[in-house]
Amino acid sequence: MTNTTSTTEPVLGGAAGAAAPAPDVTGATDGSRASRPNGRKRRRAAWGVMSTREKVLRYVLLVVVLFITIGPFLWQLSTSLKGTGEDIYTANPSFIPTQPTFGNYLRVGEAIPVFGYIGNSLVVAAIDVLGNIVFATLAGFALARLQWRFRKAVLGLFLATLVLPGEATIISQFVTVKDLGLADSLVGVALPGMIAALNVLLMFNAFRQIPEEIDQAAVMDGANALQRLRYISLPAVQGTIAVIAIFSFIGAWDDFLWPLIVLQSPDKLTLTVGLQYLQGTFATDQRMIAAGTMIAFIPIAVIFAILQRFFFKGVEEGGVKG
């Protein structure tokens, strides 16, 4: 006797399960497609494909951001190239000079010792860049890769210093520099910026992305901490080091308040402080002031052009390169 009893329960993973209606790309079965009108019109757009309206909105926002960020720079550049016969205060300003000239840049060199000021700023920036690369790298490596007591407490102190504005500690910094006999010197200007808490945290985050297994294997091979730093960690964080170099250079080059407090001798002034002589002596000649601003911008543009590929590599850096 054979058993002819049949069941209507679905069989999971069996033939009956395979015979179930297959969903289409919208996730609907054949029955639901029949009962739902205009099913194709509700189909989602392909991933990564933008509509025309979305493209227009993005380009409009991009133009607005460019106008806000790059607009003042272009206006300063245009003003620095305009001749004395052009009216820069007209109600209908023009970005393109009708009488372009480089005479304003030559007049800046005649009014102030601009090359001496540039040399002083380069000295301060070089000290700050070198100090941040060395000390931030060592501190970040110690916080991320070494095990020692109070490591988390020290990391918390670095985080806490980011909350304090620079003006809150500027008096204590000046007293310290004066007691060290470094007042009215370029070393005294560069000393407080030789290591920044933000740069230490950047290096800490970069070193932390390196897998622990690599350090453990190096320890088993007999490598000490300095060897692990030199041969394992440093090659993996070159991009972050470039980011620190660029940020340190820009911070030292653009600093105005601290050099103004420390320096008294006219021949030791940095470029940002020295350019104020243009504002005080030639307050009505905005063309020459704009030319001085462009001169101060040139070194930053050169440094960024040299390190830009390392900069973008460091922004997205997060692991060991194979």
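1. Some points on the overall build of the chain
Along the backbone of the chain there are 16 helices and 0 strands. Within the chain, the fraction of its 322 residues that count as buried is 31%. A separation threshold of at least 6 residues defines the contact pool for the chain, and within that pool the share at least 24 residues apart is 70%. As displayed, the chain has an accessible area near 20,900 Å², and 65% of this comes from carbon and sulfur atoms.

2. A look at the pattern of salt bridges
Tallying each qualifying case throughout the model produces 4 salt bridges. Linked by salt bridges that have partners in common, Arg145, Glu212, Asp215 and Arg228 make up one network.

3. Looking at the environment of Leu201
In this structure, Leu201 sits in helix α9 (residues 197–208). Residues Leu201 and Thr137, spaced 64 residues apart in sequence, show a C-alpha to C-alpha distance of 9.7 Å. Beyond its immediate chain neighbours, meaning those up to four positions away, Leu201 contacts Leu155, Phe158, Leu159 and Leu162.

4. Observations concerning a nonpolar patch on the surface
A cluster of nonpolar side chains, contributed by Tyr59, Leu62, Leu66, Ile70, Leu74, Leu77, Phe95 and Ile96, occupies part of the molecular surface with about 770 Å² of accessible area. Checked against the element boundaries, Ile96 lands in the loop between α3 (52–80) and α4 (103–111). Judged by its relative accessible area of 66%, Ile96 falls in the exposed class.

5. Some details on the packing of aromatic side chains
To describe a pair of aromatic rings, one takes the distance between the centres and the angle between the planes. Within the structure shown, the criterion is met by 4 aromatic pairs. Ring geometry for Phe141 and Phe207: centres 5.5 Å apart, planes at 80°, overall edge-to-face. Here the residue Phe141 occupies a position in helix α5 (residues 114–145), and Phe207 occupies one in helix α9, the gap between them amounting to 66 residues. Residues Phe141 and Phe207 agree in their burial class; the two are buried. With a centroid separation of 5.7 Å and an interplanar angle of 15°, the aromatic rings of Phe249 and Trp253 are classed as stacked. With Phe249 and Trp253 both in helix α12 (residues 238–254), this residue pair falls 4 residues apart, about one helical turn.

6. Some thoughts on the packing of helix α6 (residues 151–161) against α9
Where α6 meets α9, the closest approach of the two axes is 9 Å, and the angle between their N-to-C directions is 130°. Between α6 and α9, the angle is such that the two are oblique. The interaxial crossing formed by α6 with α9 has left-handed handedness. Here Leu155, Phe158, Leu159 and Thr161 of α6 lie close against α9, whose contacting residues are Ala197, Val200, Leu201 and Phe204.

7. Some remarks on the confidence of the model for the chain
Averaged over every residue, the pLDDT of the chain is 81; residues scoring 70 or more account for 80%. The low-confidence segment residues 25–35 (pLDDT under 50) makes 12 contacts with residues lying over four places distant or belonging to another chain. Taken as a whole, residues 39–44 scores under 50 in pLDDT and shows 3 contacts with residues more than four places along the chain or in a different chain.

8. Remarks on α9
A rise of 1.5 Å per residue sets the reference length of α9, with its 12 residues, at 16 Å; its end C-alpha atoms lie 16 Å apart and thus fit the reference within 8%. All of the buried residues along α9 are Ala197, Asn199, Val200, Leu201, Met203, Phe204, Ala206 and Phe207. Where α9 is buried, its residues meet α5, α6, α11 (225–233) and α12.

9. Points about the nonpolar core
Counting residues in hydrophobic clusters, the biggest one holds 33 residues, and the most contacted among them are Val108, Ile112, Val114, Trp253, Leu271 and Leu278. Of all the secondary-structure elements, those providing two or more residues to this core are α4, α5, α7 (170–179), α8 (186–190), α12, α13 (257–262), α14 (271–274) and α16 (286–315). No other element matches the 7 residues that α16 contributes to this core. Residues within four places of Leu271 in sequence aside, it is in contact with Val114, Tyr117, Ile118, Ser121, Trp253 and Ala296. Formed by 18 residues, the second largest nonpolar core is a distinct cluster that contains Ala139, Phe204, Ile210 and Ile244.

10. Some words on the side chain of Ser80
Take Ser80: it is sitting in helix α3. In contact with Ser80, not counting residues within four places along its chain, are Thr101, Asn104, Tyr105, Arg287, Ala290, Ala291 and Met294.

11. Side note on the side chain of Arg151
Examined against the element boundaries, Arg151 turns out to sit in helix α6. Polar side-chain contacts of Arg151 include one of 2.6 Å to the backbone oxygen of Leu143. Sequence-distant contacts of Arg151, that is, excluding residues within four places in its chain, are made with Ala142, Leu143 and Leu146.

12. Here we look at α12
Between its first and last C-alpha, α12 extends 24 Å over 17 residues, near the 24 Å set by a 1.5 Å rise per residue. In terms of burial, α12 is largely enclosed, as 12 of its 17 residues are buried. Listing the buried residues of α12 in full gives Gly239, Thr240, Ile241, Ala242, Val243, Ile244, Ala245, Ile246, Ser248, Phe249, Ala252 and Trp253.

Calculation rules
- Residues numbered from 1 in each chain as written.
- Predicted model: local features only at pLDDT ≥ 70, side-chain atom pairs only at ≥ 80, totals over all residues.
- Heavy atoms only, no water.
- Helix = DSSP H or I, 4+ residues; strand = E, 2+ residues; numbered from the N terminus.
- Buried < 20%, exposed > 50% of the residue type's maximum accessible area, 1.4 Å probe, protein only.
- Contact = heavy atoms within 4.5 Å.
- Areas by Shrake-Rupley, 256 points an atom, 1.4 Å probe, with all protein chains shown as cover.
- Salt bridge = Lys/Arg side-chain N within 4 Å of Asp/Glu carboxyl O.
- Patch = residues over 30% accessible without salt bridge, like charges linked within 9 Å, V, L, I, M, F, W, Y side chains within 5 Å.
- Phe/Tyr/Trp six-rings, centres within 6.5 Å; stacked < 30°, edge-to-face > 60°.
- Axes fitted to C-alpha atoms, helices over the stretch in contact; angles between N-to-C directions.
- Parallel < 35°, antiparallel > 145°, perpendicular 65-115°, else oblique.
- Left-handed = near helix turned anticlockwise from the far one by under 90°.
- pLDDT = per-residue confidence, 0-100.
- Expected span 1.5 Å × (residues − 1).
- Core = buried A, V, L, I, M, F, W, Y, C linked by side-chain atoms within 4.5 Å.
- Polar contact = N/O pair within 3.5 Å; in protein donor to acceptor, adjacent residues only side chain to side chain.

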